[in-house]
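Structural overview for review
Okay, here's what each chain looks like letter by letter:
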Amino acid sequence: PTFDFEGWNGVGANEQPNGWFTENIFVSAIFLGNTQSVFKATAPDVHGGTYAMRITTVDVVANPNATLIPDPCGIALTGSMVFTPTFTLKPGFPYTSRPATAEFWYKYTPSGIDTAGFAMWLTKWNGTKRDTVAIGYWLTNSMTSTYTLASVTLLYNPTLPYTLPDSAGVSFSATGIGCMTCGNVGSTLWIDDYSNYYSFIDSFTKRDYFSFLIEKK
């Protein structure tokens, strides 16, 4: 996926960041009444480069799956949506490192009392099910009019001290997702320049060290 939000695909209201799933895919003649939620922001609403991601919470008038997609909706999630043979969300992407933190730059304008959020998770298929290797999350309910750095420490599963994940997922939400109908239309979150950082502390493996060297080149 794009994490500096310089890469986008799609046209018009269906445009979304490369490798991300957003409500924008439901803006079509099939789902009448839906409006665009995620936008390619440009200057002055960028932190670095040419583009950033702006998420604005909208009503999902024609919701194809109310058990998976909250309404109102203001979410961007790494992964994709498969429509056939059944409607299936496939979150995440291949990933084999153990970062210490996730960092990103953000601005936030809530509509009324609302909360924006971020989550990252690392998982590993053990042959029968997915084990959670680590999770990290962040919440804010404060209006932030200039780009601010958020740093989130990942919490590793103590029962898997040397396990490398095989997959990761990242999500951002411009509105509360405590329930499927908790969001506030109009809440807006800008995100730019997401990255992960590594540490030699704790239970990191030699492979983490090599990942650090490669990614810092």
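Up top is the structure these notes are about.
The paragraphs below set out a description of the structure included in this document. (Residues numbered from 1 in each chain as written. Predicted model: local features only at pLDDT ≥ 70, side-chain atom pairs only at ≥ 80, totals over all residues. Heavy atoms only, no water.)

Let's talk about the pairing of strand E6 (residues 75–82)
Rule in force here: Remark: exposure states derive from per-residue accessible area (1.4 Å probe, protein chains only) relative to the maximum for the residue type, with buried under 20%, exposed over 50%, and partly exposed in between. Runs of H or I in DSSP of at least four residues are treated as helices and runs of E of at least two as strands, each being numbered from the N terminus. Strand pairing follows a simple DSSP-based rule, namely that at least 2 bridges must link the two strands.
Taken across its eight residues, E6 has six buried, putting it largely inside the fold. Both strand E3 (residues 20–22) and E6 contribute to a ladder of three bridges, which runs antiparallel. Residue pairing for E6: Phe-21 is matched across the bridge by Leu-77. As paired elements, E6 and strand E14 (residues 167–173) share three bridges and run antiparallel to each other. Opposite Ile-75, over in E14, you have Ser-173 as the bridge partner. Sheet topology note: the E6/strand E7 (residues 88–91) ladder contains four bridges and is antiparallel. Across the sheet, Ser-80 pairs through a bridge with Lys-90, a residue of E7.

A few points about the layout of surface pockets
For clarity, the threshold we go by: Put simply, the grid is 1 Å and covers the protein atoms alone, a cavity is a trapped set of points that fit a 1.4 Å probe, a pocket is an open set with protein on both sides within 12 Å along at least five of seven lines, and lining residues have an atom within 4 Å of a point. Grid points are joined across faces, edges and corners, and a volume is the space filled by probe spheres set on the points. Just so you know the grouping, Ala, Val, Leu, Ile, Met, Phe, Trp, Tyr, Cys and Pro go in nonpolar, Asp, Glu, Lys and Arg go in charged, and all remaining residues, Gly too, go in polar.
Taken as a whole, the largest pocket spans an internal volume of roughly 370 Å³. Together, 27 residues line the largest pocket, and Ile-75, Ser-171, Phe-172, Ser-173 and Ile-177 are the ones closest to its centre. Sorting the residues of the lining of the largest pocket by element identifies E3, E6, strand E10 (116–125), strand E11 (130–140) and E14 as the ones contributing at least two each. At four residues, E10 tops the list of elements feeding residues into the lining of the largest pocket. Of the residues in the lining of the largest pocket, the class split is 19 nonpolar, seven polar and one charged.

Re a nonpolar patch on the surface
Put simply, the rule reads: To count toward a patch, a residue needs a relative accessible area over 30% and no salt bridge; like charges are then connected within 9 Å, while nonpolar side chains (Val, Leu, Ile, Met, Phe, Trp, Tyr) are connected within 5 Å. Areas reported here follow the Shrake-Rupley algorithm with a probe of radius 1.4 Å; residue values treat only the protein chains shown as occluding. In the sections that follow, a salt bridge refers to a side-chain nitrogen of Lys or Arg positioned within 4 Å of a carboxyl oxygen of Asp or Glu.
Together, Ile-135, Tyr-137, Leu-139 and Leu-155 line one region of the surface with nonpolar side chains, adding up to about 450 Å² of accessible area. With three residues, the single largest contributor to the nonpolar patch is E11. As for its placement among the helices and strands, Leu-155 is situated in strand E13 (residues 155–156).

Let's talk about the packing of aromatic side chains
Put simply, the rule is: Side-chain rings of Phe, Tyr and Trp (the six-membered ring for Trp) are treated as a pair once their centres are within 6.5 Å; stacked means planes under 30 degrees apart, edge-to-face means over 60, and tilted covers the remaining angles.
All chains considered together, the criterion is met by 15 aromatic pairs. With a centroid separation of 4.9 Å and 45° between ring planes, the pair formed by Phe-104 and Phe-118 is classed as tilted. Of the two residues, Phe-104 sits in strand E9 (residues 101–109) while Phe-118 sits in strand E10, which places them 14 residues apart along the sequence. Classification of Phe-118 by relative accessible area gives buried; the value is 3%. A connected cluster of aromatic rings, assembled from ring pairs, spans Phe-3, Phe-5, Trp-20, Phe-93, Tyr-95, Phe-104, Tyr-106, Phe-118, Trp-138, Phe-172 and Tyr-194.

Let's talk about the side chain of Thr-140
Inclusion rule: We define a polar contact as two N or O atoms separated by no more than 3.5 Å, with the added condition that, inside protein, one atom must be a possible hydrogen donor and the other a possible acceptor, whereas residues neighbouring each other in sequence contribute only through side-chain atom pairs. The contact criterion used is simple: two residues touch if any of their non-hydrogen atoms lie within 4.5 Å.
Summarising the element assignment, Thr-140 is placed in strand E11. There is a polar contact of 3.3 Å between the side chain of Thr-140 and the backbone nitrogen of Ser-142. Ignoring sequence-local partners within four residues, the contact set of Thr-140 consists of Tyr-106, Tyr-108, Asp-114, Thr-115 and Ala-116.

Description of the sheet that holds strand E4 (residues 38–41)
The line we're drawing: Note on geometry: axes are lines fitted to C-alpha atoms, helical ones only across the stretch in contact, with angles between N-to-C directions running from 0 to 180 degrees.
Across the sheet, five strands lie side by side as E4-E5-E15-E9-E12; this open sheet has antiparallel pairing. Two strands lie at the open edges of the sheet, namely E4 and strand E12 (144–153), each paired on one side alone. Averaged over neighbouring strand pairs, the angle between their axes works out to 30° when direction is ignored. Here strand E5 (residues 52–56) runs beside strand E15 (residues 188–197); their pairing, made up of four bridges, is antiparallel. In the strand pairing of E15, Arg-54 is matched with Trp-190.

On their own, these measurements won't tell you what the molecule is for.
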